Amino acid sequence: MYRAPTDEAAPAVQNPAPPAADARTRRLVEAPIVPLLIKLAWPNVLIMLAQASAGLIETFFVAKLGTAALAAMALVFPAVMLMTTLSAGALGGSISSAVARALGSGRQAAADALVLHALAVSLAFGFAFAALFLLFGRQIYGAMGGSGPELEAALIYSNIVFLGTPLTWAMNGLASVVRGTGNMLLPAFVICVGVALLVPISPLLIFGFGPIPGFGIAGGGLALIAYYLGGTLVLAAYILSGRNPARFRWVRLDWRVIGSVMRVGALSSLQSLQTNVIVGGATALVALQGGVDAVAGFGTGVRLEYLLIPLIFGIGAPMVALVGTNLGAGRGDRALHIALAGAGLAFVVTETVGLAAAFFPEAWLSLFSAEPAMVATGSAYLRIVGPFYGFFGIGLALYFAAQGTGRLFWPVVAGFLRVAIALGGGLIALRLTGSIEALFAALSVALIVYAATVLTAVKTGAWLR
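Residues numbered from 1 in each chain as written. Predicted model: local features only at pLDDT ≥ 70, side-chain atom pairs only at ≥ 80, totals over all residues. Heavy atoms only, no water.

## Focus: the pattern of salt bridges
Stage number 1. Applying the stated criterion across every chain yields a total of five salt bridges.
Stage number 2. Between Glu305 and Arg418 there is a salt bridge, with the nearest N and O atoms lying 3.0 Å from each other. Residue Glu305 is found in helix H11 (residues 292-328), and its partner Arg418 is found in helix H16 (residues 409-433); the two are separated by 113 residues along the sequence.
Stage number 3. We classify Glu305 as buried; its relative accessible area is 7%. (Salt bridge = Lys/Arg side-chain N within 4 Å of Asp/Glu carboxyl O. Helix = DSSP H or I, 4+ residues; strand = E, 2+ residues; numbered from the N terminus. Buried < 20%, exposed > 50% of the residue type's maximum accessible area, 1.4 Å probe, protein only.)

See below:
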């Protein structure tokens, strides 16, 4: 018999008499699934495409500084995307899930208390990761194969970006609170406007204009900090205005609430860490085999895979709210249908992107460089791995559905299998053949196993046990 997961911290913040669900919450548990999912997903897709575009905009302009600068961005980009996926996807999904379950079960005080707790946890993680990369950036990028001019350029960009990392976490934490209420439009608007402003600000600070000096690769980092600062201020102002269903209130920080959010967030973070470990490890293997041009090519090609993460997140974030709200309302059967519908939608979107990249890899790579060795490596990656992007879509979408349940065992297991096959199998293939293409084939097999494992767990009901 189905039994909804409970929040361990609920007694500390629960209302004595839960109020009736508002109209937005009722819609999440009553409206037809596919139209509702699409309606909630499209603004969120815009959000995450915009956030990913921020990094791509930086890369586009920095590439004008030369191959060494482009290779430097290839070294730092996994770390920047790690911050985005952890703050918006892992911890952010945990926050949205907790807010959705609280509102779905009528616990208004619990939802309100989560706003302050979400901001506190987000800032704590932001400062921790800032310290990590500021103190050990050279060792991290060196382990990924960075050396010489590209390593020095990577450190310049990385140090500036990670000084502003707490703002990244704060903005995504606040956006996750809003998304947990079912409101996908406001975060989409804020982030898209921010990216639109980034387009002129980034080249202005990189190259300079008139009295404004050019800061080179450092200018890209400064522009990114300005983007996150603006987004944080606007989202904070909206929540403080009282218009958000989960309202800000001063409460004493409760370690049970923090522990509940961090427990799901920590498990969720393993998913993001696994993806970045694969990309970072594969980058090191490519550097070992092919040198700086190959690193630039692989880094530029794999950036398209990173772009899939925000696309899937656009579908997955409303899945977190929908699954969480329906579980809170005792609708486990509907939660399962939402999970499968979202996985199907994610497969269609990501497989379309993957096939287009496989057939026309130069169309993507030439946006950044025309260096023959760079284009050759990037094209090989997209032709071999691109046709399997749809499996990545299935696995990651079901991970978001599992976030809504607060139970992430099977997505984490599937992620570890993917890491083992991609890097362990890739290293063996590289040693046996000496071919980068064999490494890319291992990455493809890893995606198939990843999707099959999570899908089997969901269809058999194991994801709720």
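After presenting the structure, the write-up continues.
## Let's talk about the packing of aromatic side chains
Stage number 1. Taken as a whole and judged by the stated rule, the model has 15 aromatic pairs.
Stage number 2. Pairing Phe298 with Phe440 gives two aromatic rings, centres 5.8 Å apart and planes at 10°, and the pair type is stacked. Remark: Phe440 occurs in helix H17 (residues 436-459) and Phe298 occurs in helix H11; sequence separation between them is 142 residues.
Stage number 3. On the basis of relative accessibility, which here comes to 1%, the residue Phe298 falls in the buried class.
Stage number 4. The buried category is assigned to Phe440, whose relative accessible area is 0%.
Stage number 5. Ring geometry for Tyr399 and Phe400: centres 4.9 Å apart, planes at 55°, overall tilted. Summarising the burial analysis for this pair, Tyr399 and Phe400 share the class buried.
Stage number 6. Through pairs of rings, three or more aromatic residues link up here, namely Phe125, Phe129 and Trp169. (Phe/Tyr/Trp six-rings, centres within 6.5 Å; stacked < 30°, edge-to-face > 60°.)

## Regarding the packing of helix H4 (residues 67-104) against H11
Stage number 1. With their axes 9 Å apart at the nearest point, H4 and H11 run at an angle of 5° to one another. In terms of their interaxial angle, H4 and H11 are classed as roughly parallel. (Axes fitted to C-alpha atoms, helices over the stretch in contact; angles between N-to-C directions. Parallel < 35°, antiparallel > 145°, perpendicular 65-115°, else oblique.)

## Points about the nonpolar core
Stage number 1. Judged by nonpolar contacts, the single largest core of 145 residues is most densely connected at Tyr141, Tyr381 and Phe440.
Stage number 2. Considering each element in turn, this core owes the most residues, 22 residues, to H4.
Stage number 3. Beyond its immediate sequence surroundings of up to four residues, Tyr141 is in contact with Leu75, Val76, Ala79, Phe133, Gly146, Leu151, Leu155, Ser158 and Phe162. (Core = buried A, V, L, I, M, F, W, Y, C linked by side-chain atoms within 4.5 Å. Contact = heavy atoms within 4.5 Å.)

## Considerations on the packing of helix H8 (residues 185-207) against helix H9 (residues 217-240)
Stage number 1. Contact geometry for H8 and H9: axes closest at 9 Å, N-to-C directions at 155°. Judged by the angle between their axes, H8 and H9 are roughly antiparallel. By crossing handedness, the relation of H8 to H9 is classed as right-handed. Here Leu186, Pro187, Val190, Ile191, Gly194, Val195, Leu198, Ile201, Ser202, Leu205 and Ile206 of H8 lie close against H9, whose contacting residues are Gly219, Gly220, Leu222, Ala223, Leu224, Tyr227, Gly231, Val234, Leu235 and Tyr238.
Stage number 2. Among the residues forming the contact of H8 with H9, the class breakdown is 16 nonpolar, five polar and no charged. (Left-handed = near helix turned anticlockwise from the far one by under 90°. Nonpolar A, V, L, I, M, F, W, Y, C, P; charged D, E, K, R; others polar.)

Note that every value here comes from positions in space, so none of it alone points to a role or purpose.
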